[in-house]
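Listed below are the residues making up each chain.
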Amino acid sequence: MKQTKRQFHLALGLTGHKSQTLILAPALFALYVGSNVHASEDYLIVDGATSTTTSLHQQLPDVLFQPDQASAYKLELPDLAPSEELKMRPERRSGPQKIGAHREIPLNAQGDLIEEMRWTSFESGVVAYATIRSPGAKSIRVEMELNLPPNAMILFFEIDEDGDRTGFDAIKSKRTEISEKYFWSPPARGEVIGIEVRLDSRKDVRSSKISLLRLAHRTRAAVEGDIPAYELECTNHTDSQCAVDDGDLDESSAKSTVKLEFEDGEYTYVCSGMLMNVEDGEGIFKPYILTAAHCIADDAAASSVVVHWFYRKGLCGGNSTDVDYTVTYGGADLLQTRSREDMTLLELNRSAPDGARYAGWWTSNVSYGVHVHGAHHPGGEHKKYFQGSSLGSDTIEVCDSEDETDCFTLTDGIAVRFAAGAPEGGSSGAGMWQVHPEDGEARLVGILSASDQECNRPYVWFGRLQNFYPFIEEWFDPEIDDTQDDHGNTTATATLVTIGSVIEGEIDDSDDIDMFEISISQSGELKVHTQGSLDTVGWILGEDGNEIATDDDSGIGLNFSMSVEVDAGTYFVKIESYGSNTGEYELHTEFVAGDDHGNDAATATTISCSANSWNLDTPGVIDVESDVDVFELELLRSSVVTMYTEGETDTIGELKNDQDSSLERNDDRSETDANFRITRELSKGTYYLYIEGRATDPSKYRLNVEVAVD
């Protein structure tokens, strides 16, 4: 990353957007980070609780397969190819921390493994073995398709340097069959994982199936132990145990933070997560985990989850891991995920261990200037401590540092300035705690989402639990009515809609309202209509819930149809039936993109920033040769401002003051660079940058603005 240009990334990235004003004055930054509204008089407070009744010590049978036996099916993958070694490198400091990559199963090993295994008699049934090896792996796991009859068992075992076999996890089908199309095994330490399969009788072999799909070759040990696996980039981390000893962090609260490993796409990743206090009867707790949506957002990733509990230093300043450290497998079910709050709710398929802390939570607004703190797993390492002050509400665009087109909008997040600690890859998903003013108890109020990637006093953004709660209330509140409407009745419970999709809905009674949420990334024309026999009435609402347009029968038959010009932002479609009619309908959406940036000062795009850096960049497109993109800059003090573009588009830049007088115009930076570059010392005030381009077809560029206070 260049010294002259900084980006904001998954804890992830930030680019300019129209909802904020660029305040080019670091000393006054905190005054303009966002609004401090969204306070609510109605909020929930739940205390934390500790489990003391759950035991994880599963009684595993001894491994039957021994080194002197030659009956196991063996699959040995070749050494890593150079391209595979490149995939293994932990190249990112933001977002989920990569700790491995997937390898394809060789063609000759694909298909039903059952047919390749040698079955021998064992007690009243049969048993067979298989081993899979990936040279150089610190740990491995395999993805399989499983179809096994009742009373079957798979025992997973490890093989140490002396050749001894040790079982570390097992699954049993008991009275029903095992049928999993995509099942990730637990990870084994070392480069070999063993599989022992036991069936009730020899005839069950014919009705069984095990197919190897992929292998995860990991650069981290399955059980971390005391040896750090990853060198952290920031040096200002504080072990959580030190914060506990100093009284800055409650020990029971620190235990709520867990490390999550999971498979996503072609890689193995690590994030942080929080075990939440949700009771299912007195003293019975649901194993619900909150984490960031940019970590886990689909069923496949959720089903592969491995949880590391109490992964922290046993003593402040020591090197040994806490004696309570343990790992659980079994994956999780994804219950809810939302990119706007960057939060995901999971339910683990296995219980939490003895002593696990279920985090208390609070759905109140987080006010400006409040002290907050928490624990996280930067780099997937031992648990660390952070603390800082909230800076109010903020809506930002967050981008993956490896691919700036992969972005989402964190809406009404909590901006925080850290005074201690720094987020790195693996920190995403950690909880933010606020002390309740009445009882002095800390409760979770947010989930870590993004940062400016600075080590020293970074700016960090958290998804707001208060906003996510309406979408998870059915799991968190046992008293809630189980009757489910097909679509929510309010903007808070609206169904997310992808532009171009067709959504089915039903109006159940005269009081039923269906609400849909649409995110628009640039200005253009939004078109919505319904189809079907139901007489529908529709509204388009802004993000604040105010009406933009309404229609009754402009569509086919008695359906509504609307078309409105919109800017980038969030919009809602509200649907009711006319009178007391009930029935089904289809919602159709369409969007025709307009100009990405305004063509004059009145419609100029306000470049925005919410971090302690006045070096930023934002994308643009010259749609046709006559297109002009205009940007507004506001300076609160005298500053030296440098503006330039990057890309293949031949751009021309002109800087004007608020009286429309030209201050400087530049065409080409050099004989070989067709981008413009303007550097000016400017006094306090508002300025406009006009960008033209020599392009007959839509051409992209990136505008960079660098500021140094004079």
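Basis of the calculations
- Residues numbered from 1 in each chain as written.
- Predicted model: local features only at pLDDT ≥ 70, side-chain atom pairs only at ≥ 80, totals over all residues.
- Heavy atoms only, no water.
- Helix = DSSP H or I, 4+ residues; strand = E, 2+ residues; numbered from the N terminus.
- Buried < 20%, exposed > 50% of the residue type's maximum accessible area, 1.4 Å probe, protein only.
- Areas by Shrake-Rupley, 256 points an atom, 1.4 Å probe, with all protein chains shown as cover.
- Pairing = 2+ DSSP bridges.
- Disulfide = S-S within 2.5 Å.
- Salt bridge = Lys/Arg side-chain N within 4 Å of Asp/Glu carboxyl O.
- Patch = residues over 30% accessible without salt bridge, like charges linked within 9 Å, V, L, I, M, F, W, Y side chains within 5 Å.
- Lys, Arg positive; Asp, Glu negative; His and termini not counted.
- Charge placed at Lys NZ, Arg CZ, Asp CG, Glu CD.
- Phe/Tyr/Trp six-rings, centres within 6.5 Å; stacked < 30°, edge-to-face > 60°.
- Core = buried A, V, L, I, M, F, W, Y, C linked by side-chain atoms within 4.5 Å.
- Contact = heavy atoms within 4.5 Å.

**Q** I keep staring at the overall build of the protein and nothing clicks. Help me out?
**A** When its secondary structure is counted, the protein shows five helices and 48 strands. The proportion of buried residues among the 710 residues of the protein is 55%. Entry remark: accessible area of the protein is about 30000 Å², with carbon and sulfur atoms responsible for 44%.

**Q** Explanation requested: unusual backbone geometry in the structure shown.
**A** A negative phi angle characterises most non-glycine residues, just as the trans form characterises most peptide bonds. For N151, which is not glycine, the phi dihedral falls at a positive 70°. Along the polypeptide, N151 turns up in the loop between β8 (139-148) and β9 (153-159). Here Q453, not a glycine, exhibits a phi torsion of approximately 65°, which is positive. Structurally, Q453 is set in the loop between β29 (442-451) and β30 (459-464). On the accessibility criterion, Q453 (13% relative accessible area) is buried.

**Q** I tried to follow the pairing of strand β22 (residues 343-348) on my own but got confused; where do I start?
**A** Successive side chains on a regular strand alternate, one facing one side of the sheet and the next facing the other. Among the six residues in β22, six count as buried, and that is most of the element. The two faces of β22 match: M343, L345 and E347 on one face and T344, L346 and L348 on the other face are all buried. Pairing of strand β18 (residues 288-291) with β22, which is carried by four bridges, proceeds in the antiparallel orientation. Its bridge partner being in β22, L290 is matched across the sheet by L345. Examined bridge by bridge, strand β21 (residues 332-338) and β22 share six bridges and lie antiparallel to one another. Bridged to L334 within β22 is L346. Hairpin connection between β21 and β22: a loop of four residues separates the two successive antiparallel strands, and D342 in this loop has a positive phi of roughly 50°.

**Q** I tried to follow the state of the cysteines on my own but got confused; where do I start?
**A** By definition, a disulfide is the covalent link that joins the sulfur atoms of two cysteine residues. Under the defined criterion, the tally for this structure stands at three disulfides. Here C242 is linked by a disulfide to C316, with a sulfur-sulfur distance of 2.0 Å. Taking the sign of the S-S torsion, 100° for the link of C242 and C316, the bridge is right-handed. With a gap of 74 residues between them, C242 in helix α2 (residues 240-245) and C316 in the loop between β19 (306-309) and β20 (326-328) connect regions that are remote in the sequence. Residue classification places C316 among the partly exposed residues on the basis of a relative accessible area of 40%. Here C271 engages in a disulfide with C295; their sulfurs sit 2.0 Å apart. Taking the sign of the S-S torsion, about -80° here, the bridge from C271 to C295 comes out left-handed. Here C271 is found in strand β17 (residues 267-276), whereas its partner C295 is found in the loop between β18 and α4 (299-303), with 24 residues between them in sequence. No difference in accessibility class separates C271 from C295, as the two residues are buried.

**Q** I tried to follow the pattern of salt bridges on my own but got confused; where do I start?
**A** Side chains that carry opposite charge are capable of pairing whenever their charged atoms lie near each other. A complete count under the given rule lists 32 salt bridges for this structure. E341 is paired through a salt bridge with R338; the nearest N and O atoms lie 2.9 Å apart. You'll find E341 and R338 in the same group, each marked buried. Taken together, the salt bridges that share partners define one network made up of R338, R340, E341, E517 and E543.

**Q** Sorry if this is basic, but what is going on with a negative patch on the surface here?
**A** Residues D486, E504, E506, D508, D509, D511 and E584 make up a contiguous surface patch of negative charge. You can see E584 is positioned in strand β39 (residues 583-593). Taking relative accessible area as the criterion, E584 reaches 58% and is therefore assigned exposed.

**Q** What is the right way to read the packing of aromatic side chains from this model?
**A** Remark: the centre distance and the inter-plane angle together describe each pair of aromatic rings, the angle taken between the planes. In the structure shown here, the tally under the stated rule is 13 aromatic pairs. Centroid distance F285 to Y358: 4.5 Å. Interplanar angle 20°. Geometry classified as stacked. With F285 in the loop between β17 and β18 and Y358 in strand β23 (residues 357-358), this residue pair connects regions lying 73 residues apart in the sequence. In this structure F285 comes out as buried when scored by relative accessible area, which is 17%. Aromatic side chains Y311 and Y325 sit 5.0 Å apart centroid to centroid with 45° between the ring planes, which places their arrangement in the tilted category. With Y311 in the loop between β19 and β20 and Y325 in the loop between β19 and β20, this pair connects stretches of sequence that are 14 residues apart. Just as Y311 is buried, Y325 falls in that class too.

**Q** Please clarify how the nonpolar core should be interpreted in this entry.
**A** Generally speaking, a soluble globular protein has its nonpolar side chains buried in company with each other. One finds M276, I296, W309 and F476 to be the most contacted residues of the largest nonpolar core, which totals 43 residues. For I296, the contacting residues outside a window of four places in its chain are L260, F262, T291, A301, A302, V305, L334, T337, T344 and L346. The next biggest cluster of nonpolar side chains, apart from the first, holds 40 residues, and it includes Y73, W119, A137 and V306.

**Q** Help me out: how do you make sense of the environment of Y269 in this one?
**A** Its place among the elements puts Y269 in strand β17. Residue class for Y269 comes out buried when judged on its relative accessible area of 13%. Residues Y269 and K98 lie 171 residues apart in sequence; the distance between their C-alpha atoms is 4.4 Å. Look past the residues within four positions of Y269 in its chain and what remains in contact with it is P96, Q97, K98, I99, L260, E261, F262 and D264.

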